[in-house]
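Structural description and commentary
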Amino acid sequence: MEIFGVLAGEAPYLFKGLLITIELLIGLLSVGLIGGLFLAVLEVYGGTVASKIAMLIQRGLRAVPALVLLFLSYYALDFPPLVTSILALGLRSSAYQSQIFRGAIQSIKSGQMMAARSMGMTRIQGIWHVVIPQAIRLAIGPWSNEFASETKDTSLAYVVGVVEIMRRSRYIISYTYGNALLIYGIVALVYLILTRTGNAFLYWLEDRLWVPGFERRS
Amino acid sequence: MSELIEFFQLAWEIGPRLLDGTVVTLELTAICISSGFIIGLALSLGRVYGNKLVYGVTTTFVELVRGTPLLVQLFIIYYGLPDVGILLNPLLAAGIALGINTSAYQAEYFRGAIQSVSAGQMTAARSIGMTRFGAIKSIILPQALRLAIPSWSNELIYMLKYTSLAFTVGAPELMAKAKIIAARNFRYLEVFIIVAFIYIIIVTGFTKVLDIVEERVKIPGLESGK
């Protein structure tokens, strides 16, 4: 029973780990968002060469396990583990997100682009001002799946030394001798809450951004 | 240029040793995906056709397993179970953890597929006197499983990549072998680049094979699509 006392004392320590996890998550999702949008636009609107290159890049990034990417960036770059993890997991996420955005962009009726061009917009202006605002709203649903997936993958950063919640719980287990089941159970609960909260926020966001009159993704 | 030659020399030297690891990786994938298939199918049937209690239990299980990281599940099984007296070797623990994890995801894919088969099928089957179980076995599942092939192949590829996590508990698969070799030669970056290539080759190969399988078993007119 004293384990609960120890845990209560260690709660701030674990909480700091949670903050690092969240920092990692926001970092990698942002890298993934920008990279994913870029790759998606390239794949849909690029010429034959550019779209083929974009396709190869995302196929390659998706074929490699997250752990391998983490190690690759850890040993290739001279940055602290948190930064290399954000880069590695962010790149991988951008490959997955590019597929989400590509699907959303391709669901926008081509008439939208035609109308934009006929008003004198360049292709880029059409993409930025007309297609992407609509595509992003369609993408929120699948994107919340990606969000849940990435939240869980942040636990992998533990193997390259990021001192997030997994590593901190290891420390606690190592000096309380044998309460691994309980502590990892609590860690699992923390991830569950994190995922649920994020998803709830994304549902709310989807509600808020929904434009009346436009098709809602079920 | 000389670095490139050194790189290929290294690849040539360590290839065979990495091959042992690759075999273990493939074995682990095969074991967990097949046990996951059986458990996942059972779970999905429980979620679609079960009574309130069965539905509650299976849904809770699926939500818990899908909502928590694989790494945490692996650690609970490998480091946590000894607390209650169950000691497992790394490979077995990894197989069980991966199997449980994939069964929850597969349960969701199968549930979606089963629910896509039109309700009229079950009604028709019952009206000619089939039992529920008979109808599920002979009518619904053959259609549902074909509809589930794209998501299932996706899951297979995912599992192939997630076996790399088994290295954190010491299972002798590809990542573990790679780390040992890299540490011995101090050539971490090159070794992991080679490992990345191995994974790309395996994943691409599996994807192509699965595409062919999907073509062969599909029923014209009954494709999954919107």
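Residues numbered from 1 in each chain as written. Chains lettered and ligands numbered in written order. Predicted model: local features only at pLDDT ≥ 70, side-chain atom pairs only at ≥ 80, totals over all residues.

Thoughts on the overall build of chain A
Scanning chain A for helices and strands turns up eight helices and zero strands. Seen in sequence order, chain A has helices and strands lined up from the N terminus as α-α-α-α-α-α-α-α. With respect to the principal axes defined by its C-alpha atoms, chain A has extents near 70 × 40 × 20 Å. Expressed as a percentage of contacts within chain A between residues at least 6 apart in sequence, the contacts between residues at least 24 apart total 75%. (Helix = DSSP H or I, 4+ residues; strand = E, 2+ residues; numbered from the N terminus. Contact = placed C-beta atoms within 7 Å.)

A few points about the overall build of chain B
Of regular secondary structure, chain B possesses eight helices and zero strands. The N-to-C order of helical and strand elements in chain B reads α-α-α-α-α-α-α-α. Expressed along its principal axes, the backbone C-alpha trace of chain B runs to roughly 75 × 50 × 25 Å. Burial status across chain B gives 39% buried among its 226 residues. Once local pairs closer than 6 in sequence are excluded, the contacts in chain B between residues at least 24 apart make up 75%. (Buried ≥ 20, exposed ≤ 12 C-beta atoms within 10 Å, placed from the backbone.)

Observations regarding the interface of chain A and chain B
Residue-level contacts link 26 residues of chain A with 28 residues of chain B. Mapped onto the side of chain A that touches chain B, the elements with two or more residues apiece are α2 (48-63), α3 (66-76) and α8 (180-209) of chain A. Broken down by class, the residue content of the side of chain A that touches chain B amounts to 19 nonpolar, six polar and one charged. (Nonpolar A, V, L, I, M, F, W, Y, C, P; charged D, E, K, R; others polar.)

Quick notes on the packing of helix α7 (residues 174-185) of chain B against helix α8 (residues 188-217) of chain B
Residues and elements named next belong to chain B. Contact geometry for α7 and α8: axes closest at 9 Å, N-to-C directions at 155 degrees. Comparing the axis directions of α7 and α8 gives the class roughly antiparallel. Between α7 and α8 lies a crossing of right-handed hand. Across the interface between the two elements, Leu174, Ala178, Ile181 and Ala182 of α7 pack against Tyr188, Val191, Phe192, Val195 and Ile198 of α8. In terms of residue class, the contact of α7 with α8 is made up of nine nonpolar, no polar and no charged. (Axes fitted to C-alpha atoms, helices over the stretch in contact; angles between N-to-C directions. Parallel < 35°, antiparallel > 145°, perpendicular 65-115°, else oblique. Left-handed = near helix turned anticlockwise from the far one by under 90°.)

Digging into the nonpolar core
Ranked by internal contacts, the top residues of the largest apolar core, which has 113 residues, are A:Val68, A:Leu70, B:Leu74 and B:Val195. Looking at which element gives the most residues to this core, the answer is helix α4 (residues 90-116) of chain B, with 12 residues. Ignoring sequence-local partners within four residues, the contact set of A:Leu70 consists of A:Ser85, A:Ala88, A:Leu156, A:Ala157, A:Val159 and A:Val160. (Core = buried A, V, L, I, M, F, W, Y, C linked by C-beta atoms within 7 Å.)

Considerations on α2(A)
Relative to the 22 Å expected for 16 residues at 1.5 Å per residue, α2(A) spans 22 Å between its end C-alpha atoms, a close match to the ideal helical length. Those residues of α2(A) that sit buried are A:Ala54, A:Gln58, A:Leu61 and A:Ala63. (Expected span 1.5 Å × (residues − 1).)

Description of the environment of A:Leu19
Looking at the element boundaries, A:Leu19 is found in helix α1 (residues 2-45). Distance in space between the C-alpha atoms of A:Leu19 and A:Ile165 is 8.4 Å, their sequence separation being 146 residues.

Examining the confidence of the model for chain A
A residue-level look at chain A finds 97% of positions with pLDDT of 70 or above and a mean pLDDT of 89. When mean pLDDT is taken per element in chain A, helix α4 (residues 81-107) of chain A scores highest with 94 and helix α7 (residues 165-176) of chain A scores lowest with 84. (pLDDT = per-residue confidence, 0-100.)

Examining the confidence of the model for chain B
Residue and element names in this part refer to chain B. Per-chain confidence: chain B averages 89 in pLDDT, with 98% of residues scoring 70 or above. Taking the mean pLDDT of every element in chain B, the minimum, 88, falls on α7 and the maximum, 94, on helix α2 (residues 52-67). Among the scores for the predicted complex, ipTM is 0.86 and pTM is 0.87.

A look at α8(A)
Its 30 residues place the ends of α8(A) 43 Å apart at the C-alpha level, agreeing with the 44 Å of an ideal helix rising 1.5 Å per residue. Restricting attention to buried positions, one finds in α8(A) the residues A:Ala180, A:Ile183, A:Tyr184, A:Val187, A:Ala188, A:Tyr191, A:Leu194 and A:Thr195. Against the buried residues of α8(A) lie α6 (123-153) and α7 of chain A together with α2 and α3 (70-80) of chain B.

Topic: the environment of A:Glu43
Residue and element names in this part refer to chain A. With respect to the helices and strands, Glu43 occurs in helix α1. Looking at Glu43, the number of C-beta atoms within 10 Å reads 22, which means it is buried. A sequence separation of 10 residues divides Glu43 from Ile53, and the C-alpha atoms of the two residues are 8.1 Å apart. When near neighbours in sequence (up to four residues on either side) are disregarded, Glu43 contacts Ser51, Ala54, Met55, Ser98 and Arg102.

With respect to the environment of B:Thr102
Residue and element names in this part refer to chain B. With respect to the element layout, Thr102 can be found in helix α4. On a C-alpha basis, the gap between Thr102 and Val65 in space is 8.9 Å, while along the polypeptide they are 37 residues apart. The residues touching Thr102, leaving out its near neighbours within four places in the chain, are Cys32, Ile33, Gly36, Gly40, Glu155 and Met159.

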